[in-house]
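What the coordinates show
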Amino acid sequence: MKIIMLGAPGAGKGTQAKKIAAKYGIPHISTGDIFRANIKNGTELGKKAKTYMDQGLLVPDELTCDLVVDRIQQPDAVNGYVLDGFPRTIPQAECLTDALEKLGSKIDYAIDVNVPDENIVTRMGGRRACLKCGATYHIVYAAPAKEGICDTCGEKLVLRDDDKPETVQKRLNVYHEQTQPLIDYYSGKGVLRTVDGTRDLDEVFSQITEILGE
Ligand code: AP5
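Bear in mind the structure is a predicted one, so any value in this text is a computation, not a measurement.

This part covers the site of the ligand. The local shell around the ligand holds 37 residues, among which Thr15, Leu57, Arg88, Arg127 and Arg171 are the closest. One of the backbone nitrogen or oxygen atoms of Gly85 is found 2.8 Å away from a nitrogen atom of the ligand. A distance of 2.9 Å separates a nitrogen atom of the ligand from a polar atom in the side chain of Gln92. If the ligand stood free it would expose 1,000 Å²; the protein chains cover 97% of that surface. Contributions of two or more residues to the shell around the ligand are made by helix H1 (13-24), helix H2 (31-40), helix H6 (117-126), strand S6 (136-138) and helix H9 (201-212). Split by residue class, the shell around the ligand holds 15 nonpolar, 12 polar and 10 charged.

To continue, consider helix H8 (residues 181-188). Turning to H8, its buried residues are Leu182, Ile183, Tyr185 and Tyr186. Buried residues in H8, looked at end-on, bunch into an arc of 160°, giving them a common side. Within H8, the exposed residues directed more than 90 degrees away from the buried face are Asp184 and Gly188. Buried residues along H8 sit in contact with strand S1 (2-6), helix H5 (90-102), strand S4 (109-114), helix H7 (165-179) and strand S7 (192-196).

A few words on the sheet that holds S4. The strand order across the open sheet built from 5 strands is S2-S3-S1-S4-S7, with neighbouring strands paired in parallel fashion. If you trace the sheet from one side to the other, it starts and ends with strand S2 (28-30) and S7, each paired once. Adjacent strand axes in the sheet meet at a mean angle of 25°, parallel and antiparallel pairs treated alike. As paired strands, S1 and strand S3 (residues 81-84) are joined by 4 bridges and run parallel to one another. Each residue of the ladder has a partner; that of Ile3, found in S3, is Val82. On top of the sheet, H9 reaches S1, S4 and S7; it is set at about 155° to S7, its chief contact.

Each value, and the rule that gives it
- Residues numbered from 1 in each chain as written.
- Predicted model: local features only at pLDDT ≥ 70, side-chain atom pairs only at ≥ 80, totals over all residues.
- Heavy atoms only, no water.
- Near = heavy atom within 4 Å.
- Polar contact = N/O pair within 3.5 Å; in protein donor to acceptor, adjacent residues only side chain to side chain.
- Areas by Shrake-Rupley, 256 points an atom, 1.4 Å probe, with all protein chains shown as cover.
- Helix = DSSP H or I, 4+ residues; strand = E, 2+ residues; numbered from the N terminus.
- Nonpolar A, V, L, I, M, F, W, Y, C, P; charged D, E, K, R; others polar.
- Buried < 20%, exposed > 50% of the residue type's maximum accessible area, 1.4 Å probe, protein only.
- Arc of directions from axis to C-beta.
- Contact = heavy atoms within 4.5 Å.
- Pairing = 2+ DSSP bridges.
- Axes fitted to C-alpha atoms, helices over the stretch in contact; angles between N-to-C directions.

Here it is in structure tokens:
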């Protein structure tokens, strides 16, 4: 099963993508997590990506497409994957469609997690992230067992640099300009499904499993 998660920053794509990956036994591939791991490890890719991410801007398409096309051909992705944060622009979507066509493959579902902008800023201020294993929490809606510590790996949780309110607003603007057109793109391909992302975490996941099947 090959799935794309669509939705505004903070809509809950990452949260739901991890649950999908666990339930259906497919890898969760998050371009944001890949960039953050590269930043943490001080790689050249990380240094380039950070300058864009800290401003709430998108990393240029040429730095993302090859990375994802290579990742989806790794052995663990042979039965499918859930892409989180990619594609994010029409050129990225076209690059993915072309690459999949060459591989004789296609996307099965593009799931749009729909949350209005008003709800987003509140969510982002409460998010805490583990930069070691990629786990995500919320101080109210999905709190870790021990405050400030990752349940999975014990690392200290942080507020992401790009979750400051002024950067979140910028990311929302970028989303509406560059990423929202993907809703029409995947609707045109007949694979778009929309879920109400304002519901609680488990209810959102139920809507998704109804679409994907048990
Ligand atoms: P990325 O990491 O992809 O960020 P994003 O798309 O902005 O999405 P987020 O991770 O912020 O949010 P999410 O929708 O996953 O929400 P989450 O589940 O955490 O990208 C970061 C940056 O990297 C980009 O700005 C860009 O610069 C760059 N980048 C990445 N990919 C790129 C690409 N393809 N091209 C170019 N640049 C790229 O949930 C948010 C919070 O809400 C959490 O605290 C969660 O616990 C909570 N929550 C989730 N669901 C619910 C719910 N139902 N009810 C209550 N709380 C909830």
